[in-house]
Amino acid sequence: MNTWIVFPPESAADLIPYGILYLVVISLIAVIVTVSDKRKARNGAWRVPEATLLILAAMGGSAAMYLTMHVIRHKTKHIKFMLGIPLIMVFQGIAVLYIRHRLGL
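Residues numbered from 1 in each chain as written. Predicted model: local features only at pLDDT ≥ 70, side-chain atom pairs only at ≥ 80, totals over all residues. Heavy atoms only, no water.

### With respect to the environment of Ser11
Okay, step 1: Within the fold, Ser11 resides in the segment before helix H1 (16–43).
Okay, step 2: A relative accessible area of 36% means that Ser11 is categorised as partly exposed.
Okay, step 3: Ser11 sits 92 residues away from Leu103 along the chain, and the two C-alpha atoms are 9.4 Å apart. (Helix = DSSP H or I, 4+ residues; strand = E, 2+ residues; numbered from the N terminus. Buried < 20%, exposed > 50% of the residue type's maximum accessible area, 1.4 Å probe, protein only.)

Spelled out as structure tokens, the structure:
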């Protein structure tokens, strides 16, 4: 088919646009939550739990969150984030390669 998104998916390759859309949305959410936590930290307000930030990273927002943290200088002194998020990205990359191999893409 010539359309960008095929529903229902007819093959494994038809799932790729859905994956891209998911990553864009979860990355946007990760950036918004990270910036929000930075603002709350500056204002002394209730903070976003660290577990929430790490879960968003694990759900696919790791690259966007990592870049955002460096741009806004948020949690860059926390080993948990500066080592943890890159490790999450490595595992996500391995998972993508494995899935691509299993689906024959």
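### Concerning the nonpolar core
Okay, step 1: By size, the foremost hydrophobic cluster in this structure holds 13 residues, and its most contacted members are Leu53, Leu56, Met65, Met69, Phe81 and Ile85.
Okay, step 2: The element that contributes the greatest number of residues to this core is helix H2 (residues 50–71), accounting for five residues.
Okay, step 3: Those residues within four positions of Phe81 in sequence are excluded, and the remaining contacts are Glu50, Leu53, Leu54, Tyr66, Met69, Lys75 and Pro86. (Core = buried A, V, L, I, M, F, W, Y, C linked by side-chain atoms within 4.5 Å. Contact = heavy atoms within 4.5 Å.)

### Comments concerning the environment of Met89
Okay, step 1: As for its placement among the helices and strands, Met89 is situated in helix H3 (residues 79–103).
Okay, step 2: A sequence separation of 23 residues divides Met89 from Tyr66, and the C-alpha atoms of the two residues are 9.5 Å apart.
Okay, step 3: Setting aside chain neighbours within four positions, we find Met89 in contact with Ser62, Ala63 and Tyr66.

### Points about H1
Okay, step 1: Here H1 is 28 residues long and its end C-alpha atoms lie 41 Å apart, about the 40 Å a rise of 1.5 Å per residue gives.
Okay, step 2: Within H1, burial applies to Pro17, Ile26, Ser27, Ala30, Val33, Thr34, Asp37 and Lys38.
Okay, step 3: Each element contacted by the buried residues of H1 is listed here: H2. (Expected span 1.5 Å × (residues − 1).)

### A look at the packing of H1 against H2
Okay, step 1: Their axes nearest at 7 Å, the elements H1 and H2 cross at an angle of 70 degrees. With respect to each other, H1 and H2 are oriented roughly perpendicular. Of H2, the residues touching H1 (which contributes Tyr22, Leu23, Ile26, Ser27, Ile29, Ala30, Val31, Val33, Thr34, Val35 and Asp37) are Leu53, Leu56, Met59, Gly60, Gly61, Ala64, Met65, Thr68 and Met69. (Axes fitted to C-alpha atoms, helices over the stretch in contact; angles between N-to-C directions. Parallel < 35°, antiparallel > 145°, perpendicular 65-115°, else oblique.)

### Looking at unusual backbone geometry
Okay, step 1: Located in the positive-phi region is Arg73, a residue other than glycine, with phi close to 55 degrees.
Okay, step 2: Classification of Arg73 as exposed rests on a relative accessible area of 67%.
Okay, step 3: A positive phi angle, close to 65 degrees, is found at Lys75, a residue other than glycine.

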